[in-house]
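# Per-entry structural report
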Amino acid sequence: MAASAGVRGADRILDLPGLLEDLVGEGYVARMDANRLIGTPRTAEQAQMHPLTYIASCELENQKKPGRALDAQVLTQWLADTSSHGLYHIDPLKVNVAAVTEVMSFQFAKRHQILCVEASPEMLLVATAQPYTSGWEEQLEHTSGRTVQRVVADPADILRYGTEFYSLANSISGASGLKGSSAAGNFEQLLELGNLKDPEANDQHIVNIVDWLLQHAFDQRASDIHIEPRRGIGRIRFRIDGVLQPIHELPDQVNAAVTSRLKILGRMNVAEKRKPQDGRIKTKRPDGSEVELRLSTLPTAFGEKLVMRIFDPEVLARSYHDLGLTGDDLTRWQKMLGRPNGIVLVTGPTGSGKTTTLYTALKQLASSEVNVSTIEDPIEMVEDSFNQTQVHHSIGLDFAAGIRTLMRQDPDIIMVGEIRDLETAQMAVQAALTGHLVISTLHTNDAPTAVTRLLDLGLPHYLLKSTVLGVMAQRLVRTLCPSCKRKAEVSDEDWQALVKPWKAPKPEVVYQPEGCLDCRNTGYRGRQGIYEILPFSEAIQGLVTADCDLQQVRRQGMREGMSSLRLSGAKKVAAGITTVQEVLRVAPPPDIAF
């Protein structure tokens, strides 16, 4: 095909008519659509767009795949193929911002529509939105002393991440160069200048870094942000789908300033660095939805470590099906919650989704006819449907005192954040005996172990057996990305590890992660729960004694239909929701044999 002025040839800038001509010639765009786009006046904003981005925004039909849109991913792949360059997807989690921004100025990158995405001592990998211009390449090789390898990336990503990366690098550089910034204490004084009631009175560089950090976490679906001081540096990591991912490293004084800025926003004592502190921040995403962040600081050898837990209010709108609670497990759970009085426990380690399950249950139970009250440490998500109270140890308001007070508030349902000690357990039992439904959490590995945990706290067995309605243990497994999961085989050994001691048949088809743009090449997107539910039947109650045999409780529970966490996971493997490896990673083996 003859070379187009829009694409072919050396040192040519891509233009809209030329790109459309080539796309028509190769069968991607209908001639009528191309003529309409060329003949339609563009707004000032559209005129500033890269032509490839503008074409993608028009949502034309892909003539090679009728019914599908000609999106940026397809167009970028086409441009990479026609220009004989490799395709590159910019993953901000994998880019060393400090290294890539020092090889060229922002003005140089913006002028040539390029962005360095990887930098080594010998080579620079540069993403370009103009693969037919090369004037910048020789100059960059000369100034950097390194060879340049080109790849093609989505022009919108190059523009967006170029602006973000250089803005972040500029803010870090500006914060590092502030007078007196060699000591963390100076930064703390700087952030305290002016009025502490006005957090915006702080240094603008630090404000920019914090804003970038929060926005980046929201974009990447992070559940936690870790800001960790190390020797000479500060390390930032995000927890995404349950796995920590390194994000960035900051100079130690900038890291201390960022921590101080977040402590101010969370209404914490900036001057106090010896004691752990807790705080809260409420902010908004770009789309206007509100987000709650819970802050926790901890003194370490190299300074204060700060962890922010991100709570999405949409969690409160999730159904049991969204959580992965379905079938017989859902029936058992709803039956326990349907009782007028007693104790229902949810167990599992930190980060296993217990709080989300409790809030979803309370949301389902809350109505105009019932009074739902909670005592939490701290309040994780604020919800209008029920009355929430936060523990304040400094004034003597602990879980036990909170339950005692709530019992005088005419409650129908009481949620206790966690049963940690005998006094709290006794008050929960007292509430259950006086006609209230109590929902709470414990930290145990599985459902039957909750029995021995309560006995170890000192709760008499006769009170336990007369008040506990049932226990649900849970874990969170990553779910396969629906866009890229592929069929695979599972070995007999791995399958038996899941279903033991049951004899569940191995499914003919299972799925494995592949990796695509939708899941950031991890193969997983989102998480669901796997559950082990033990209702306290008469037979189970009969086994609860002062010297309770845990193995007997487990066996009886299984006879009555209780599935282990691994068996629950095996059902999700068979349904194509997750993988064998993921279930084995998070679920403990059942310590039992028939």
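Residues numbered from 1 in each chain as written. Predicted model: local features only at pLDDT ≥ 70, side-chain atom pairs only at ≥ 80, totals over all residues. Heavy atoms only, no water.

Per an unreviewed UniProt entry, the protein goes by the name Type II secretion system protein E and belongs to Microbulbifer agarilyticus.

## Considering the pairing of strand β11 (residues 342-347)
Taking burial as the measure, the six residues of β11 include six buried ones, the bulk of the element. Side-chain alternation along β11 places Gly342, Val344 and Val346 on one buried face and Ile343, Leu345 and Thr347 on a second face that is also buried. As judged from the six bridges shared by β11 and strand β15 (residues 437-442), these two strands associate in the parallel manner. Looking at β15, one finds that Val344 is bridged to Ile439. Bridge count between β11 and strand β16 (residues 468-480): five bridges; the pairing is parallel. Within β16, the position partnered with Leu345 by the bridge is Val471. (Buried < 20%, exposed > 50% of the residue type's maximum accessible area, 1.4 Å probe, protein only. Helix = DSSP H or I, 4+ residues; strand = E, 2+ residues; numbered from the N terminus. Pairing = 2+ DSSP bridges.)

## Focus: the sheet that holds strand β1 (residues 86-87)
The sheet built from four strands is open, its strands ordered β1-β4-β3-β2 with mixed pairing. Edge positions in the open sheet fall to β1 and β2 (114-119), since each of these has one partner strand only. The sheet strands contacting helix α9 (residues 155-176) are β2 and β3 (123-128), and the helix crosses β2 at an angle near 65°. (Contact = heavy atoms within 4.5 Å. Axes fitted to C-alpha atoms, helices over the stretch in contact; angles between N-to-C directions.)

## Thoughts on the side chain of Gln130
Of note, Gln130 is situated in the loop between β3 and α8 (135-144). Contacts of Gln130, omitting those with residues within four sequence positions, involve Arg12, Ile13, Leu14, His50, Gln113 and Arg150.

## Points about the domain arrangement of the protein
Along its sequence, the protein is carved into domain 1 (16-84), domain 2 (221-311) and domain 3 (316-477 + 527-562). If you look at the interface, domain 2 gives eight residues, while domain 3 gives seven residues. Of the roughly 680 Å² buried between domain 2 and domain 3 on both sides combined, carbon and sulfur atoms contribute 50%. Contact with domain 3 buries surface across domain 2, with Arg280, Arg294 and Phe311 losing the most and accounting together for 58% of the total. Taken together, domain 2 and domain 3 are joined by zero salt bridges. Of all the secondary structure elements, the ones that give two or more residues to the side of domain 2 that touches domain 3 are β9 (290-300) and β10 (303-311). Along the lines of polarity and charge, the residues of the side of domain 2 that touches domain 3 split into one nonpolar, two polar and five charged. (Domains from an automatic or database assignment. Buried area = accessible area lost by both parts, 1.4 Å probe. Salt bridge = Lys/Arg side-chain N within 4 Å of Asp/Glu carboxyl O. Nonpolar A, V, L, I, M, F, W, Y, C, P; charged D, E, K, R; others polar.)

## Considering the nonpolar core
Core analysis: the largest hydrophobic core is formed by 59 residues, its most contacted members being Ile225, Phe238 and Met308. Considering each element in turn, this core owes the most residues, eight residues, to helix α11 (residues 204-219). Sequence-distant contacts of Ile225, defined by excluding residues within four places in its chain, comprise Leu213, Leu214, Ala217, Ile236, Arg237, Phe238, Leu306, Val307, Met308 and Ile310. Counting 54 residues, the second largest nonpolar core, distinct from the first, contains Val429, Leu455, Leu534 and Ala587. (Core = buried A, V, L, I, M, F, W, Y, C linked by side-chain atoms within 4.5 Å.)

## Concerning the UniProt feature "domain: Bacterial type II secretion system protein E" (unreviewed entry) in the protein
Listed under "domain: Bacterial type II secretion system protein E" (unreviewed entry) in the UniProt record, and renumbered for this structure, are residues 407-421. Annotated as residues 407-421, this span is 0% helix and 27% strand, and its ends, taken at the C-alpha atoms, are 19 Å apart. (UniProt positions renumbered as here; feature names shortened; annotations may be inferred.)

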